Amino acid sequence: MNVHDLADRNAEAHGERAMRFLLIALIALIATADLFNIRMSLGRGLSAENALLYVLCVGLVFKLVAQQPFVFQLRALHACFIVLIVYGVCSVLAAKFLVAYPRYSLIASGISLKSRLVDQVTYFLVFFYGLRESRNAHAVLRVLFMAVGVGGSIAVLNALGIVQIGDVGESDTGRVESIMGEPNQDAAFLALFLPGLLAVMLRSSGVWILIWGTALCASIVAFVLTASRGGLVAIVLASIWGSFLLRRSLPLSRIIPFVITGTALIALLVVGLSLRFGDLLYTRLITDTFSSDMVGGSSGRLEFWSLGLGAMLNAPITLLTGFGWDVWSLMPFPRAPHNQYLNLYFHLGVIGLTCVTALLALLVREARAAIPFAPYTYKSVLMAFVIGLLAFATAAFFVDLYKPWMWCWAYAGLVMRMAVNIRAKASMVRPETKQPSAVLSPKDRFGWTGSAHRCAARRKAATTK
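These numbers come from a predicted model, not from an experiment.

What should I look at first to understand the pattern of salt bridges in this one?
Oppositely charged side chains may form a pair once their charged atoms are brought near each other. In total, this model carries 5 salt bridges according to the counting rule given. Measuring nitrogen to oxygen at the nearest pair gives 3.1 Å for the salt bridge that ties E366 to R423. Of the two residues, E366 is situated in helix α14 (residues 340-370) and R423 in helix α16 (residues 403-427); the sequence distance between them amounts to 57 residues. E366 gets classed as buried once you look at its relative accessible area, which sits at 12%. Judged by relative accessible area, which is 38%, R423 ranks as partly exposed. In this structure, a network of salt bridges that share partners links the residues R365, E366 and R423.

Pasting the structure below:
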């Protein structure tokens, strides 16, 4: 890159300060509303967070039209979004006018569709297209991680009775609730961000390693005290699955000692927490898990799932089309489905389930594809995103997710911006020089890319001879 290109890039990065500030303000607003359980309603279906989100969206459209040529990126991802929303709208209309379910409200279902699909897509688009420079996306991402760490810290302090801030902490059931306000959703939410907090801590130094280490430890404690068995299963499976997918970037010789150390520290943490929350952890993790009653062992989930699938089998066409958006609440079921995938399948059929599954798979694929060419600063962020998203997707099998999706899509938008930029830069490099080791930092404190450096050194020595 010549001097003029570097100057242009720096000017563009500085030009994004306003958008970066607005995105940080949106994160702060969402975190404050969730942490203190403040309903910033401006009317039915509209809140202060949504208002700021829509203002950002409109401003972004004007910016893309007036200041720079629009580049349509991640087309497969956008296609899934479009199909999902269009089919959701069609299902609302069909449920109201074709099937004509009793007590089905067109307005209430439309607002629910906007909140749970359209707004989520908007979060991704704003965070993805709002910033063009990876350094700015990374800066906003660190703010997002810090918001998660602050929420976890306050939840733990409240649960221990040290302070009383916000509306988080120990619930009536004895389980800890963090920013999401419900233990199972909090477990999925924290599982998404724990790998990212770990990656940021490992990349920090000085006083920052203490700050990020505190945020990470508090989030781990909050995660354990949610006593969510689904969250624990998600973390374990995602760690194994993610290690396999990232095996070329995470050598086994480094994974095993890291896993042993982490397991030992978590075991000590659980023992320490047992002094105060021993009854809760024993009941949730031991007594309920090994219950002789399968329905009781699953906290009633098998019953909810069988009722939903049984209703679909009684109307076979719904196995393909679904019942229509927001129809579960009209059924004589005792509880929500407690399964994000069953929820989507019940309401939107094969199309809805396929689109959401494809969205998650595409995010993992894009992040993985950028890892070999990523600078060391971003490499750990991409790997943490893959593992965190796998944990989030696994946890969604045991709980309906509402609030966490907004955080997930904001996180995904920032990481995808970095991934797209990395791959675009790699594609402009000549084939003979496009080697992953060429963009790796020599400061590899943890040996994750040591093998790549050794290969590069051998190639250089052979060329010299």
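Before we go on, may I ask you to explain unusual backbone geometry in this structure?
Negative phi is the rule for most residues except glycine; trans is the rule for most peptide bonds. A positive phi angle, near 65 degrees, is found at R103, a position not held by glycine. Inspection of the secondary structure puts R103 in the loop between α4 (75-98) and α5 (106-129). With phi around 55 degrees, A227 is a residue other than glycine that occupies positive phi space. Positionally, A227 belongs in the loop between α8 (207-225) and α9 (229-245). Judged by relative accessible area, which is 1%, A227 ranks as buried.

Can you walk me through α9 in this structure?
Side chains that are three or four residues apart share a direction in an α-helix, a result of its 3.6 residues per turn. Helix length check: α9 (17 residues) gives 24 Å between terminal C-alpha atoms against 24 Å at 1.5 Å per residue, within 8%. Among the residues of α9, R229, G230, G231, A234, A238, G242 and L245 are the ones counted as buried.

Cut-offs used in this document
Residues numbered from 1 in each chain as written. Predicted model: local features only at pLDDT ≥ 70, side-chain atom pairs only at ≥ 80, totals over all residues. Heavy atoms only, no water. Salt bridge = Lys/Arg side-chain N within 4 Å of Asp/Glu carboxyl O. Helix = DSSP H or I, 4+ residues; strand = E, 2+ residues; numbered from the N terminus. Buried < 20%, exposed > 50% of the residue type's maximum accessible area, 1.4 Å probe, protein only. Expected span 1.5 Å × (residues − 1).

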